[in-house]
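Below are the chains, spelled out letter by letter.
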Amino acid sequence: MAKLPTETQYFNSFDGTRLAWREMGEGRPLVLLHGYFSDANTNWIRYGHAEAIAAKGFRVIMPDLRAHGESDKPHDAAAYPADALAKDGHALIAHLELTDYDLGGYSLGARTTARMLATGASPGRVIFSGMGLEGLTNSERRADHFRNILTNLGQHERGSPAWLAEAFLKTTGGDPVALLRVIDTFVSTPREEVARFSWPTLVVNGVDDDDNGSAAALAGLLPNARLVEIPGNHMSCVTKAELGRAIADFLRA
C-alpha cells in the first residue's frame, strides 16, 4: 500500500504569515522545499518522490512556500522582505523543534536552501536540485523572465518558455500578484560563500536543464558534493522517478 502524506498542517511564521506543510514517513527528518510557481504536492508528492524517500526510513517534511500552495498569499509588499523564504524555513525548523535533520530543495527551493545555510541553518546533509551555480550567485539572473510572465499573462507566444511557465502556473492555481512579490525576496549568495558550504551535498539536475546555470560548476565548487544527472529539463525532470530515487539513494548512502 502506498504511503500517504499527512493532512495539511499550519504554523505562523516569523511575521505571522500562515504557512502550510505536509509530511510523509517516519525517521530522520528531511525538509524539502519546492520550486517557484509550484507547491509541495506538485513537486514532491504527485510524482512519488516523497514516497520513495520515506520508504528508505525518512520523515519527509514539505512546506508550501510563502505565496504558494495552501500557504498565505499576501499582496502587501511588506510581507516580502529580503530572504523572507529563508526566514520562513528557519521558522518551520524552530516550530518543529528539529535539531538533527537534512535540508534540500528544487529550483527556488534550492536557492532558499542556500540562503538558509548562509543565515545559520545547520543540517546534516544538503540537496540542491534544479539549480546551477549562477542561480545561487546571481538571483536576478531570471527575475526579469518571471516578471515578464506574471505581468503579461495571456499574451505569451504559444509554445514559448513564458507560455509554458504560464500554463504550469494555471495548473497550480498560483496567485500572480503574490508570486510577483516573491521576486523581491531573492538574495544572491556570493561565490566565496557557496564555496564554504562544506556539508555532504547532492547536486541532482536534469541533463538538459541549464535554467539556473551549470549544476556541474556548482558541484565542482562545493567541497563535499556529488553530481547526479537525471533525464529531462527544468520542467520535465520533476516528473521522473529518478529524482526521488537519487535523493533517497544519497540519504541512505
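Residues numbered from 1 in each chain as written. Predicted model: local features only at pLDDT ≥ 70, side-chain atom pairs only at ≥ 80, totals over all residues. Heavy atoms only, no water.

1. Observations regarding helix α4 (residues 108–118)
Of all eleven residues in α4, ten are buried, a share of seventy percent or more. Against β3 (28–33), α3 (84–95), β5 (102–106), β6 (126–129), α5 (133–137) and α8 (176–182) lie the buried residues of α4. Looking one or two residues past α4, G120 carries a phi angle of roughly 115 degrees, positive in sign. (Buried < 20%, exposed > 50% of the residue type's maximum accessible area, 1.4 Å probe, protein only. Helix = DSSP H or I, 4+ residues; strand = E, 2+ residues; numbered from the N terminus. Contact = heavy atoms within 4.5 Å.)

2. Notes on the side chain of S129
Considering the arrangement of structural elements, one finds S129 in strand β6. Within the structure, S129 has its side chain in polar contact with the backbone oxygen of V204 (distance 3.0 Å). (Polar contact = N/O pair within 3.5 Å; in protein donor to acceptor, adjacent residues only side chain to side chain.)

3. Observations concerning the packing of aromatic side chains
By the definition in use, this model includes six aromatic pairs. Between Y36 and F186 the ring centres are 6.1 Å apart and the planes differ by 70 degrees, which places this aromatic pair in the edge-to-face class. Taken together, the residues span a long stretch of sequence, with Y36 in the loop between β3 and α1 (40–45) and F186 in the loop between α8 and α9 (191–194) at a distance of 150 residues. Note on accessibility: Y36 and F186 belong to one class, buried. Put simply, the rings of Y36, F37, F146 and F186 touch in pairs and so form one group of aromatic residues. One Lys or Arg, R18, reaches over the ring of Y10 and ends 3.6 Å from the middle of that ring. (Phe/Tyr/Trp six-rings, centres within 6.5 Å; stacked < 30°, edge-to-face > 60°. Lys NZ or Arg CZ within 6 Å of the ring centre and 35° of its normal.)

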